[in-house]
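Notes for the structure review
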Amino acid sequence: MYKLILFITLLLSFSIDTIANAYIGPGMAGGVIAATIGVIIAIFAAIFGILYYPIKRFFKNKKQKKTNE
């Protein structure tokens, strides 16, 4: 009986140690989420920055042509 309890205790202690090494914590998950959202926002900001001025210039030129006629 003593050997069975010792075996179960050793088996559980090894499995707990493995699980504890895999734990990354809530701070790491928050950092991953913040980095992902930051990358997505940066992509949308880059697309907006590239497309904004040509579209703005197009409408400005269209408005000036309309007033010159």
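Now for a look at the structure at hand.

Cut-offs applied
- For every chain, the first residue of its written sequence is number 1, and the numbers climb from 1 along that sequence.
- Owing to the predicted nature of the model, reporting of local features is limited to residues with pLDDT of at least 70; listing and counting of side-chain atom pairs is limited to 80 or more, with chain, interface and lining totals taken over all residues.
- The side-chain quantities take in all heavy atoms of the structure and omit both hydrogens and water.
- A run of H or I in DSSP becomes a helix once it reaches four residues, and a run of E becomes a strand once it reaches two; helices and strands are each numbered from the N terminus.
- Only protein chains enter the accessibility calculation, which uses a 1.4 Å probe. A residue is then buried if its area is under 20% of the maximum for its type, exposed if over 50%, and partly exposed in between.
- Surface accessibility in these figures is a Shrake-Rupley result with a 1.4 Å probe; residues are shielded only by whichever protein chains are displayed.
- Patch membership is restricted to residues that have no salt bridge and whose relative accessible area is over 30%. Joining uses 9 Å for like charges and 5 Å for the nonpolar side chains Val, Leu, Ile, Met, Phe, Trp and Tyr.
- For this analysis, a salt bridge means a side-chain nitrogen from Lys or Arg found within 4 Å of a carboxyl oxygen belonging to Asp or Glu.
- Ring pairs are drawn from Phe, Tyr and Trp, using the six-membered ring of Trp, whenever the two centres fall within 6.5 Å, and their geometry is named by plane angle: stacked under 30 degrees, edge-to-face over 60, tilted for the rest.

**A word on the overall build of the chain**
Across its full length, the chain holds two helices and zero strands. For the chain, the proportion of its 69 residues judged to be buried stands at 1%. As presented, the chain carries roughly 6700 Å² of accessible surface, and 76% of it is formed by carbon and sulfur atoms.

**Remarks on a nonpolar patch on the surface**
On the surface, V39, I40, I43, F44, I47, I50, L51, I55, F58 and F59 cluster together into a nonpolar patch covering about 1000 Å² of accessible area. Looking at where I43 falls in the secondary structure, it is placed in helix 2 (residues 25–68). The class of I43 is partly exposed, set by a relative accessible area of 49%.

**Quick notes on the packing of aromatic side chains**
Taken as a whole and assessed by the stated rule, the structure comprises three aromatic pairs. Seen from their ring centres, F58 and F59 are 5.4 Å apart, and the 65° between their planes marks the pair as edge-to-face. Ring-pair connections join several aromatic residues into one group, and the members of that group are F48, Y52 and Y53.

This is a description of form; function is not addressed.
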